[in-house]
Each structure stands twice: as structure tokens, then as C-alpha cells.
Amino acid sequence: TTTRKQLPSNMKFVTASLLLSSLSVATATTAFMDYTATSDVSEHGDIDLDMASIFTHIGNSDATSAKTVYTDGENSAKTSSLRTLQGFSTAIDAKAWKDSYKEMAYSLAKASGHAADYADALVLEQLDGTPTQLSVATAINFGNTQMYTMHELYDAIYDVSKSGDAYDNDGGVKAWDEAVAFYAGGAQSAGVARLHSMYGMIEEVAPHFETVVSGEHSSINSMIMTLFKEGQTIIDALTTTATDDEVASLFEITEQLHGLFTAANIRWLIYSHKNAAVNPTADKAAVLKILGNVIYPEINACSKDDASTFLANTITTPGDVSDNWSDIMTALQENYHCMIRVKKSNRFHQSCSIVGDYSESGSVVQATCVDDDVYPYESTQATVSGETVTVSKEVAGYTPRSDVAKHALLDKDMRRIGLLAGEGDFINAKLIYTGGWNSWKENDDGTFKSWRNYQGFASSSKLALFQEGQDLNDYYGSYTALDTFISAALDGTTPFDADTDATARKEMAGKTLQFGLNLYYVIREFYDAIDDCTAESLTNNYGNVHAWDEGVMFWAGSLEKDGSGSGELLHMLGEKRAGNYDYTSSDHGKTASTVNADLMALFLAGEAHLVAGECGKALPIVDDIISKMIVPVIQGAQRYAWKVGSGASATAKSRAEGWAFAKSILPMVAKCDASSADTIVKNMDYFATEPMVDGTEAVFEAWQKTFACLGVTCNDIGELNEVSDGHDAPPACKDTFTDDLGGSAASVGVKAGAIMAAIAGGLVMML
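Rules and cut-offs
Residues numbered from 1 in each chain as written. Predicted model: local features only at pLDDT ≥ 70, side-chain atom pairs only at ≥ 80, totals over all residues. Heavy atoms only, no water. Helix = DSSP H or I, 4+ residues; strand = E, 2+ residues; numbered from the N terminus. Buried < 20%, exposed > 50% of the residue type's maximum accessible area, 1.4 Å probe, protein only. Disulfide = S-S within 2.5 Å. Salt bridge = Lys/Arg side-chain N within 4 Å of Asp/Glu carboxyl O.

Chemist: I'd love a proper account of unusual backbone geometry, names of residues and values included.
Modeler: Most peptide bonds adopt trans geometry, and most residues besides glycine take a negative phi value. In this structure, the amide linkage connecting Y375 to the following residue, P376, adopts the cis form with an omega of 0 degrees. Mapped onto the elements, P376 comes out in the loop between β6 (363–366) and β7 (380–384). The peptide bond linking T494 to P495 adopts the cis configuration, its omega dihedral lying at 10 degrees. Here P495 shows up in the loop between α25 (481–491) and α26 (502–534). Of note in the backbone geometry, M33 takes a positive phi value of approximately 55 degrees without being a glycine. Turning to its location among the elements, M33 is positioned in the loop between β1 (31–32) and β2 (35–36). Here the phi dihedral of N346 falls at roughly 60 degrees; this positive angle occurs in a residue that is not glycine. On the secondary structure map, N346 appears in the loop between α18 (336–339) and α19 (351–355). A relative accessible area of 36% places N346 in the partly exposed class.

As C-alpha cells, then:
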């Protein structure tokens, strides 16, 4: 073991507190303030001495020597070499991205377009220019060290879940302890502000966001240290391989730590903006750019639109930030709950109180934030059926009559799943699918109960209660068939295998989830609302949440905002597919798709009937809603059938998208006509030996022959407007055929089936 080096006497510090704290420790230790490591990580803690040396060289205007310490190391010894701060970034790809093991924080950075060594590039940009202690400290601590600290936490979970050996990491050093050592540094004292470590930098800005007590952790560091010790307790108690529950607990702790790191990044962004706006300097502009790069993957995992706003207002100069600061803060604050997924007082979505308001001399200056007022939590009191209730914010033009803000946030799970799966990280995409991320259920007292998740939508007890759910079971032989398919796509198991195109797996998992499994659960919510109505329990559903509102939220999602946003669910699909189909006044009675407007009118009509207690009048509206909701799904299936069948885009991706759309509603098609369903499967199944073997015309007819039964017309669908570029043009839409199926009778049959299911469910008194 090497001896901790004395700090150079001529070292220059940003503040006097840096000097005092750095000189206080000169011997190896395995204690990091009130965290006592159970393995020897003293050498790991010595990495902060490299930071001290870099600062000394920068203070002496010797950027070359500072860079040498960064790239080659100086104080933190490994078995046969020196540990380097640069290695925290340049070595991360090989460690965080393996076939059987992927780290979510790193995956999100990759999915956001960051190069593997993006943090190293930020550091070198400073060291190769005119570095300052502040800009270099920000880049290293919140770029390199933060990512590598997350790696060590994930690595600890991997160690105990695979080998059962918490000490299986480079000669018996526990990875969890290493994470603490890198985050704190060996010379850190509680409550002391210093630029040498993540902990110290968090303390540096804390007084601007809270009242700090000398010698004690600030609030964010206190929460971080508590979580570190909770994880340590779980790991130290293990005598064999960790159970699934223990792994899940460690993963939850790790992601809460990730959220707290992000909260610290945001505090520094706010603090740096204020300083840069008052006294613009190059190093302050550099700090803003660094923090923008670090934060961007986190907001991108929550909202495409808000991430674009954040990115468009590029953090390059203080002037840019000041000019667009309001937009930046709105984008951040509306995603705090997703980025800072941390439990406080046994509740989640308390992120505004974790970050806090920025103040100077006791007066709040900017970044005021109240959790209950952040979209979609902005709420008001309203009278519904004679009761005063809390109603949540309008989404996509629909004003709920109950509090469904948490339900609306489930679409952000889909955003994260799509990014992760799109990057090839199916492991963490599956974790979000099965475990949830944004939408939580609460106990009667408002405390956390559990995470709502999409896999939970595949519930036989719920899907069995309505006709379309029964059709799903009849056709696939299981109420959970869509979940089985989605899970197989994410896991790479039968019918998928190692040779299945990764993009195809992502498309089939994602679109079957968005437009299949989610679709059936939306339908379930509307029927459930009618049940509540007949039971005279309009708001009695999971803590006074109105089921009809839940259905609309799962259809639209929070990301649609007032209708101007870009969501992830069925509302988004309606808008997207509308651009692929043409309409004319003479043929369709309109010049553009009206599917979402039609649905909104139906949602509002159904809501009005339920609020008025007119339960029976809402039931036929559900039938109309189902017919309208499947329009963009059919449009998607036809579009990709043409792409593959015509040869315009006969790619694995196009086949996968077409099959996901088709598979999602095949049970409804088969209920109308089994022969049409067979034709669609024969031609559109991704695993078919010869895709589109019968040709595009035959597949289009198979879909269109069931339109009358499904309650759909060509006026709804329109004409596919893809440019053929030498390929056969898309077939025209037809409502009638020479070998007509007798659509009217079939339509009456399926609608009657829905009514009979309602009668069986106890709704006969409404009819």
C-alpha cells in the first residue's frame, strides 16, 4: 500500500476551506466520514490527491503537467499500475457495456448520442485550452467520476447477483465501497466545500439552496450517504448469491443515488447560470456547457420535446443561457420527477424540494419550484357529481374530472424503454417494462405503495372482464399473450434468438406494448368506469381516481401536454399516421384525418354521461371509441405491408413494425373473419418464411373486408400516400367487395357480443 502524499505547500485554492480540508488527512483510511468501508479502498480514495495535484499545476499556469496527472495518474495505486481520472471515462465502455450486463446510466448517455468517452473529451477541451480549477473540477467530478461511480454501484449488484461474492472485484475490493471512495475522496470532511470530489462540490453550492449546518452533510449529501449505507447493509449481510428481492432493492437504491447526483448537477447548473449572468467569464460558460452535456441524457430519457428545448438552448455562452433561461428551467422542472426519482418522506416526486430554490443572502432569486404545481401535477378543485374533488391538469385537450396525474406519467416509461431498447440495452428496457419508473400508486395516506408498470396491464383478472379482452384470450390462448411476446422480444427468447435483428426486436417489443397491450388496458378502463358508475362509485378507483380519466391518460400520456406535445402512445400514433394518408372532401368528406378529434369528442361525451349518472348511455360510446382507436393501428399495418410487399422498404425493421401493428389487433380481426386474420398472419408475420407472399393487394383486402365489422370505414382510413418510386402504388381503400363477407351482419354480431358481455358484467339495468 502506498502512503498518502502530503499536498504541495504552494497549492492555490479557490476558497480557504479547500486548503484546510485537503491538509487534514495524510494517511490511508477506509472511513469516508460516517461511512466505514468493509473492504480496503484507501487507494481508491487517494484519487482526490490527483485532483489536488491538477489544481496545483493549474494554479501555476502549467496545463501540461495538469494534463499529465489526469492522463497518467499520480497517487491512486492499483495492483501493477496507477489509477487515472481519465480512465474513469475512457475505460467505461468496456466495463459498462457487455452482452449480459449493461448499466442504465451509460446506456442513456449512448442513446442520447454521446460518444463513449464524451466526458473525457469535455475534460481535455479544458486542459488543452485555458483551464481553470472550476471548469476542470466540474468536468472531472460530474463527468468522469460520476459515471464511474455509477459503474461501481452497478458492478456491485452484478457481483452479488451472479457470483454471490461481494468481494469479487480486483483482488477482493468491494465495488460498493469503491463507489463511495470515488464520490467522497479520502480527504473529505463532513460538510466541507471543496472542488476535489463530487461530495465537496455538492457542499460548495448547498448554501444557496438550503440552510447548512457546519460539520454536517447538506441535504443531498445526507440522502446520498444514507443510501450508500443502506446498500452496504444489504451487501454485508449476504452469505450467498443475492435474491431477486435483494437485487431489486440494490437497483432501487442505485437509481435513487443516480437521481440525487442529477439533482446536484442541476443545482450547479442553476448556480453557474446565476454567476455567469452577473459576471460572464469563459470558465463559467465552460461549466454551463459541461453541465448541459451531463444533464442532457437524463432529460432525454424523460421527454423528447423538453430534451430538444434543453439542447436547442445550447449552453455555450452565458448570454445564450440568460436569453432562454425560463425555457430551460421549465423543461427541467417538468421532468424533475423522472430525472430525480428519489423517495423523500416515503413519497416520490418530491424533486422540487430536493433541488430547492436558489437564493442569495436569504432571498430567493430564481428557480422557484413547487412539486404540486409542476405539470402534470398542476391541479384545481372542482365539483363532480356534487363532491369537491382534486382534478389534474388538462392533457391533449381533455380536462380530467379526477386526479390522474400519476397515471398520465406512465408514458415516460415508454420513452425510456424505447431509448434503451433502441440502443440495444434490452436488459434495462425489460426492467422498466416490468418494474416501472415514473407512475406510482399510493396508499390512502398518500405514501408510496408500488410502481405502476406496463407488464401489469397483462392481467387476466382484468382483461377477462370485457369482450375484447376475451377475444384476445380466445385467439392467442392466453390473456397474457401480448406480454409473453413483448417479454420474449426484450429477452431474445423464442421466437426470437441471437440472430434476430436488434432493431426488429425493439420495434416488435415497443409497438406491441404501445398499440397492443396498452390499447386493451385503455379499453378495460372505459368499461371499468361504467362499472363504477352503476355502483354509484364514480370516483372510487385507487384513491378517488376516475377510471374513465385513467383510460384517456393511458391513451394520451402526459407528454402530449395541451395537445401540442409529442407523446409516446395512441394519441401520438393518430397524429403520426394521419400524415401518411390523404383525404378528399369528395371521397372522404374531409381533407385530413379527424381520428383524434373524433376520439376527443367521444371521450368528453362519455365523461359527461358518467358524471350525470347516465351509465347506459356511455356503453355504446365505448364501442365507438374502440373503432376509432384502432384506425391508426390499421393504418400502420397497411403502410408497412405495402413497404414490404412492394419492395419499397423490405427491411427487417419494416417487417417488424408491420407485424407489431397487426399482432396488436388480430384478435379483433379474427373475431370478424378468421380467414382474413389467417391471410394477414401468413403474409405479415415477421417470422414468415416468405413475407407478403400473396401480394399487397390481397393483404389490404384482408384488412378492408373486416372494416364494417370493426366499425371502421375508408373515410376513417384514407388513402396511403407513400411515393412509389418505381414500385407498385399502394392499393386504394375499398369498403365493398364482390365476395363481400356480409360485413353488416358480422358487425352486428361483434357489437352484440360487447353488449352481452356488459349484461353479464351486471350492466343490464342501464340498457
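That covers the picture; the talk isn't over yet.
Chemist: How would you explain the state of the cysteines if you had to name every residue and give the values?
Modeler: This model, assessed by the stated rule, comprises five disulfides. Paired through a disulfide, C302 and C338 show a sulfur-sulfur distance of 2.1 Å. What sets the handedness of the C302 and C338 disulfide is the S-S torsion sign, and at about -90 degrees it is left-handed. Taken as a pair, C302 in the loop between α14 (282–300) and α15 (304–312) and C338 in helix α18 lie far apart in primary sequence, 36 residues in all. The exposure classification of C302 matches that of C338, with both residues buried. Put simply, C533 and C615 are joined by a disulfide, and their sulfur atoms are 2.0 Å apart. The sign of the -80 degrees torsion about the S-S bond sets the C533-C615 disulfide as left-handed. With C533 in helix α26 and C615 in helix α31 (residues 615–629), this pair connects stretches of sequence that are 82 residues apart. With respect to burial, C533 and C615 carry one shared label: buried.

Chemist: Hey, could you go over the pattern of salt bridges for me, with residue numbers and the actual values?
Modeler: All chains considered together, the criterion is met by 26 salt bridges. Across the pair E334 and K561 runs a salt bridge whose closest N-O atoms are separated by 3.0 Å. On the criterion of sequence distance, the pair formed by E334 in the loop between α17 (325–333) and α18 and K561 in the loop between α27 (547–556) and α28 (570–578) is long-range, its members being 227 residues apart. Exposure remark for E334: the relative accessible area of 16% places this residue in the buried category. The class of K561 is partly exposed, set by a relative accessible area of 21%. A cluster of three or more residues bridged by salt bridges with shared partners is formed by K506, E507, K511, K653 and E657.

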